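# Secondary and tertiary structure notes
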Amino acid sequence: TRYISVTGVQTCALPISASFIAILARQVFLYGRDLYTFWVQLELTQNLRNRSFHQYIYARFGYHDMVRPGEFVNELTNEMSSAVSTMTCAANFAGAIILCVVYTGIVFLLSPPLTAVAVLVLLAVALIVVRLMTRLRKVGQQLTSANQELVSFIVERLDRKSVV
């Protein structure tokens, strides 16, 4: 192994280079994943909007009388984007769970007591997150309701369905 002297300290060039390449490869992979996720979100949103609008146009007249135009506009703009984002977040969450299981297995092979402590800490954090999520669900429902009221008000004031 070749050694390089850096200010009097002997370091090994091969492990440092390998670490740098591994970190660089990870960043490239994560960037590619983010680009792909963004593309999937755009495609899914566009397809859902087109299908929803097509079904809205060809719906019965009774349906058009029942649905407020502002609510429909809100569903196609705000809520559709949020729903697609939630779906891709769920896929990322599933990947993170798989990664956690793999890391837990590796840590268990290295040190079972350390794994027990880490699992207890993770369970405590998970309980806190679950409590926060129940509160956030209520806030999300209130936000959706407020968005529907606001967009309905604006669209009805403009008195046009062509805003869609």
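Further up the page is the structure itself.
Residues numbered from 1 in each chain as written. Predicted model: local features only at pLDDT ≥ 70, side-chain atom pairs only at ≥ 80, totals over all residues. Heavy atoms only, no water.

### Some details on the side chain of Thr115
- Structurally, Thr115 can be placed in helix 4 (residues 112-158).
- Thr115 has contacts with Thr104, Val107 and Phe108, leaving out every residue within four places of it along the chain. (Helix = DSSP H or I, 4+ residues; strand = E, 2+ residues; numbered from the N terminus. Contact = heavy atoms within 4.5 Å.)

### Looking at the layout of surface pockets
- Considering only enclosed or pocket space, the largest pocket measures out at about 230 Å³ in volume.
- Forming the walls of the largest pocket are Arg26, Phe29, Leu30, Arg33, Ala91, Asn92, Gly95, Ala96, Leu99 and Tyr103.
- When residues of the lining of the largest pocket are traced back to their parent elements, those giving at least two are helix 1 (13-57) and helix 3 (69-110).
- Counting residues per element, the lining of the largest pocket draws most heavily on helix 3, which supplies six residues.
- Along the lines of polarity and charge, the residues of the lining of the largest pocket split into six nonpolar, two polar and two charged.
- By volume, the second largest pocket amounts to about 150 Å³.
- Lining the second largest pocket are Phe93, Ala96, Ile97, Cys100, Val101, Thr104, Leu122 and Ala126.
- Contributions of two or more residues to the lining of the second largest pocket are made by helix 3 and helix 4.
- Counting residues per element, the lining of the second largest pocket draws most heavily on helix 3, at six residues.
- Grouping the constituent residues of the lining of the second largest pocket by class yields seven nonpolar, one polar and no charged. (1 Å grid on protein atoms, 1.4 Å probe; cavity = no way out; pocket = protein on both sides within 12 Å on 5 of 7 lines; lining within 4 Å. Points joined across faces, edges and corners; volume = space filled by probe spheres on them. Nonpolar A, V, L, I, M, F, W, Y, C, P; charged D, E, K, R; others polar.)

### Digging into the side chain of Glu79
- Following the sequence through the fold, Glu79 ends up in helix 3.
- The charged side chain of Glu79 is buried without a salt bridge, its nearest counter-charge being Arg49 at 11 Å. (Buried < 20%, exposed > 50% of the residue type's maximum accessible area, 1.4 Å probe, protein only. Lys, Arg positive; Asp, Glu negative; His and termini not counted. Salt bridge = Lys/Arg side-chain N within 4 Å of Asp/Glu carboxyl O.)

### Focus on the pattern of salt bridges
- In the structure shown here, the tally under the stated rule is one salt bridge.
- Between Asp34 and Arg33 there is a salt bridge whose closest N-O contact spans 3.6 Å.
- Note on Asp34: relative accessible area 44%, which makes it partly exposed.
- With relative accessibility at 38%, the residue Arg33 sits in the partly exposed group.

### A closer look at the environment of Ser145
- Checked against the element boundaries, Ser145 lands in helix 4.
- Using a relative accessible area of 39% as the deciding quantity, one classes Ser145 as partly exposed.
- The sequence separation of Ser145 and Glu71 amounts to 74 residues, and the corresponding C-alpha distance is 9.4 Å.

### Topic: the environment of Thr37
- Structurally, Thr37 can be placed in helix 1.
- Note: C-alpha distance between Thr37 and Asn92 (55 residues apart in sequence) is 9.3 Å.

### Section: the packing of aromatic side chains
- Per the counting criterion, the structure on display carries two aromatic pairs.
- Consider the rings of Tyr36 and Trp39, whose centres lie 6.0 Å apart with planes at 35 degrees: the pair is tilted. You can see Tyr36 and its partner Trp39 sitting in helix 1, three residues apart, about one turn around the helix.
- Using a relative accessible area of 49% as the deciding quantity, one classes Trp39 as partly exposed.
- With centroids separated by 6.4 Å and ring planes inclined at 75 degrees, the aromatic side chains of Tyr56 and Tyr63 adopt a geometry described as edge-to-face.
- Judged by its relative accessible area of 30%, Tyr63 is partly exposed. (Phe/Tyr/Trp six-rings, centres within 6.5 Å; stacked < 30°, edge-to-face > 60°.)

Fair warning: the whole summary comes from geometry, so function is off the table for now.
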